[in-house]
Amino acid sequence: MTTVITGLGTVSPAGTGTEAYWSALVAGRTLIAPLPDVGARGLPVRVGGRVPDFDPLDHIEGRYVVRTDAFSWFAMVASDEALRDSGVDTAADPFATGVLICSGSGGNEFGQRELAALWGKGPGYVGPYQSIAWFYAASTGQVSISNGLKGMCGVLTTDEPGMLDALDQGSQALRRGTSAMLVGGSDAALGSPFALATQLGSGVLSESDDPLSAYVPFTEEASGFVPAEGAAVALVEDLATARARGVRVRAVVAGHASTFGGVGAFDPGGEGLLQAAREAMRRAGVGPEGVDVVFADAVGTPKADADEAAALRQLFPDGVAVTAPKAGFGRAYAGAGALDVAAAVLSLEHQVVPPTPHVPDAPLGLDLVVRVARPARLRAALVLSRGLGGGTSALVLQHPDHV
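Let me sum up the structure you'll find in this document. Sequence positions are assigned chain by chain, starting from 1 and proceeding in written order. For a predicted model such as this one, the threshold for reporting local features is a pLDDT of at least 70, and the threshold for listing and counting side-chain atom pairs is 80 or more; totals across whole chains, interfaces and linings nevertheless cover every residue. Side-chain descriptors were evaluated using all non-hydrogen atoms of the structure, hydrogens and water having been removed beforehand.

All right, on to the overall build of the protein chain then. By the criteria applied, helices consist of DSSP H or I runs no shorter than four residues and strands consist of E runs no shorter than two, each listed in order from the N terminus. Regarding its fold elements, the protein chain presents 13 helices and 16 strands. This radius of gyration counts C-alpha atoms alone. The globule rule is 2.2 Å times how many residues there are, raised to the power 0.38. Radius of gyration (C-alpha) of the protein chain: 20 Å, near the 22 Å computed for a compact globule of 403 residues. Viewed in the frame of its principal axes, the protein chain has a C-alpha envelope of about 65 × 50 × 35 Å. The contact definition used throughout considers only heavy atoms, calling two residues in contact when any of these lie within 4.5 Å. Counted over contacts in the protein chain with a minimum sequence separation of 6, partners at least 24 positions apart contribute 79%. With residues, only the protein chains shown are counted as cover, and all accessible areas are computed by Shrake-Rupley using a 1.4 Å probe. Only carbon and sulfur atoms are counted for the fraction: they give 53% of the accessible area of the protein chain, which is about 14,800 Å². Under the counting rule used here, the positive set is Lys and Arg, the negative set is Asp and Glu, and His together with the chain ends is not counted. Every charge is mapped to an atom, namely NZ of Lys, CZ of Arg, CG of Asp or CD of Glu. With 28 positive and 42 negative side-chain charges, the protein chain shows a separation of 3 Å between the mean positions of the two kinds.

So, in structure tokens, the structure goes:
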């Protein structure tokens, strides 16, 4: 069985929709902006990648909005786009389509608001949806409910690698008989002081107030990453099913692997990242010469970046194009891996490698795509992702014409 992506949806600091997202990526636009409300509260995080001008009532029925948090809104909007894009008829058999949306932190803003009401006014002022809106699985549940989907549902909380892992879990569900799966990742960890305060303990957030230099991975000036929010969701199904429906195949999910690199932030030493990439490529049946672009994890700290660069040099001794478009908008936790997967799919479709914003030169012995987008013959893309705590995943996506 071959798993393919036939639908794609995004909500990002570029706005809603994959068209807006790709336009920003290929242009190398800066989507990082000041967070004045955060600075006023005395937190050291000064800039971030916010989804601009997002009103959930423009996209979602009010009855769903009042019982959900922003991370669920983003997932619901991205899922709606993915379903439309795929053209799948979920009403024909509601049990045939499942949902697996990842989250790293859940409904922070909703949770803080309700807890403030509890302690400030009393239990009578806490709404009933507090029990579900904050929960990691809320996005999966609301996507399923709002679309009438009754197939296999679940949630993964593997931080940034979530989407990569979800695609593998989705493939397993397809092998067990599910016809289609909505898989994705969504996080909105910028909407409350609590959400940002919990991130500070990692010690890897940039405290710069300059959007152009706060997140510059693989450079000597790297001082951490900029947090962001957003989501990406893909509709996956078996290749034979997609061909029978006569729909466009956007990309092939060719190989995935996960490792645990050891306790510590972002796979200390890089051995887990190297092994995950090797295994994903082996499962995809491609060697170094078969991968044309790598979407780097790009933590933005000197040690983590050096470890990733060393792993890439071992994997690709003859070199490979590397890019980190997230430098233009930040790392969105569970949304980060998802948005990287979306970027890789779009890159394969357009045969263009988007640049790494804010980085003027290719450092650390890497063929890093900088300044402007690079047209290229792209058969396969390798997506790398590391999460806090040592979890690491790698994913190989292939252009459908090269399978």
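There is more to say, and it comes next.
Let us look at the pattern of salt bridges. Side-chain pairs of opposite charge can arise where the charged atoms are in close proximity. When a carboxyl oxygen of Asp or Glu lies within 4 Å of a side-chain nitrogen of Lys or Arg, that pair is called a salt bridge. Under the defined criterion, the tally for this structure stands at 17 salt bridges. A salt bridge links Glu279 to Arg282, with the nearest nitrogen and oxygen atoms 2.6 Å apart. With Glu279 and Arg282 both in helix H11 (residues 271-284) and 3 residues apart, the pair spans about one turn of that helix. Residue class for Arg282 comes out exposed when judged on its relative accessible area of 56%. Among the salt bridges present, the one from Arg386 reaches Glu308, with a minimum N-O distance of 3.0 Å. Pair noted here: Arg386 is in strand S15 (residues 380-386) and Glu308 is in helix H12 (residues 302-315), with a separation of 78 residues, a long-range link. Classification of residues uses two cut-offs on accessible area relative to the type maximum, computed with a 1.4 Å probe and protein chains only: under 20% is buried, over 50% is exposed, and between them is partly exposed.

For the rest of this paragraph, the subject is the layout of surface pockets. Estimated volume of the largest pocket: approximately 340 Å³. Buriedness of a pocket was judged along seven lines, with at least five required to meet protein on both sides within 12 Å; pockets are open sets of points on a 1 Å grid over the protein atoms alone, cavities are sets where a 1.4 Å probe fits but cannot get out, and lining residues have an atom within 4 Å of a point. Together, 21 residues line the largest pocket, and Gly104, Ser105, Asn108, Phe194 and Thr198 are the ones closest to its centre. At the level of secondary structure, the elements contributing two or more residues to the lining of the largest pocket comprise helix H5 (108-120) and helix H9 (193-200). Residues of the lining of the largest pocket, tallied by class, amount to 9 nonpolar, 11 polar and 1 charged. What the second largest pocket holds in volume is close to 240 Å³. Taken together, 16 residues make up the lining of the second largest pocket; nearest its centre are Ser171, Arg175, Val253, Ala254 and Gly255. When contributions to the lining of the second largest pocket are tallied by element, the ones reaching two or more residues are helix H8 (162-175), strand S9 (251-260) and H11. At 5 residues, S9 tops the list of elements feeding residues into the lining of the second largest pocket. Grid points are joined across faces, edges and corners, and a volume is the space filled by probe spheres set on the points. Three categories are distinguished: nonpolar for Ala, Val, Leu, Ile, Met, Phe, Trp, Tyr, Cys and Pro, charged for Asp, Glu, Lys and Arg, and polar for the others, with Gly belonging to the last.

Turning to the packing of helix H4 (residues 70-86) against helix H7 (residues 138-146), a few remarks are in order. Remark: H4 packs on H7, axes separated minimally by 9 Å, with the N-to-C direction vectors making an angle of 45°. With respect to their mutual orientation, H4 and H7 come out oblique. Along this stretch, H4 crosses H7, giving a crossing that reads as right-handed. Taken together, the residues of H7 that come into contact with H4 (itself represented by Phe71, Ser72, Ala75, Met76 and Ser79) are Ala138, Ser139, Gln142, Val143 and Ser146. Its residues assigned to classes, the contact of H4 with H7 comprises 5 nonpolar, 5 polar and no charged. For helices, the fitted line uses only the C-alpha atoms of the stretch in contact; every axis is such a line through C-alpha atoms, and the angle between N-to-C directions lies from 0 to 180 degrees. Here is the rule for angles: anything less than 35 degrees is roughly parallel, anything more than 145 is roughly antiparallel, 65 through 115 is roughly perpendicular, and the remaining ranges are oblique. Two helices cross in a left-handed way if the nearer one is turned anticlockwise from the farther one by less than a right angle. They cross in a right-handed way if the turn is clockwise.

Mapped onto the secondary structure, Asp165 falls in helix H8. Despite being buried, Asp165 has no salt bridge partner; Arg283 is the closest side chain of opposite charge, sitting 9.0 Å away. Contacts described as polar in this section are N or O atom pairs within 3.5 Å, which, within protein, must combine one atom able to donate a hydrogen with one able to accept it, while residues neighboring in sequence count only if both atoms come from side chains. Side chain to side chain, Asp165 and His256 meet in a polar contact 2.9 Å long.

Following both chains from N to C, one finds H11 and H12 inclined at 35°, their axes separated by 9 Å at the closest point. Our pair here, H11 against H12, has a crossing hand that is right-handed. On H12, the residues that touch Leu273, Leu274, Ala277, Arg278 and Met281 of H11 are Glu308, Ala311, Gln314 and Leu315. When grouped by side-chain class, the residues that make up the contact of H11 with H12 number 6 nonpolar, 1 polar and 2 charged.

Let's shift gears to empty space enclosed by the protein. One simple way to see leftover space: roll a probe sized like a water molecule over the atoms. This model, assessed by the stated rule, comprises 2 cavities of 30 Å³ or more. The volume enclosed by the largest cavity comes to roughly 40 Å³. As for the largest cavity, its lining consists of Ala24, Leu25, Gly28, Arg29, Leu31, Pro325, Gly328, Phe329 and Pro357. A per-class count over the lining of the largest cavity returns 6 nonpolar, 2 polar and 1 charged.

This part takes up the environment of Asp55. With respect to the helices, strands and loops of the structure, Asp55 is situated in the loop between strand S4 (47-48) and helix H3 (62-65). The exposure class assigned to Asp55 is partly exposed, which follows from its relative accessible area of 33%. A sequence separation of 18 residues divides Asp55 from Trp73, and the C-alpha atoms of the two residues are 9.5 Å apart.

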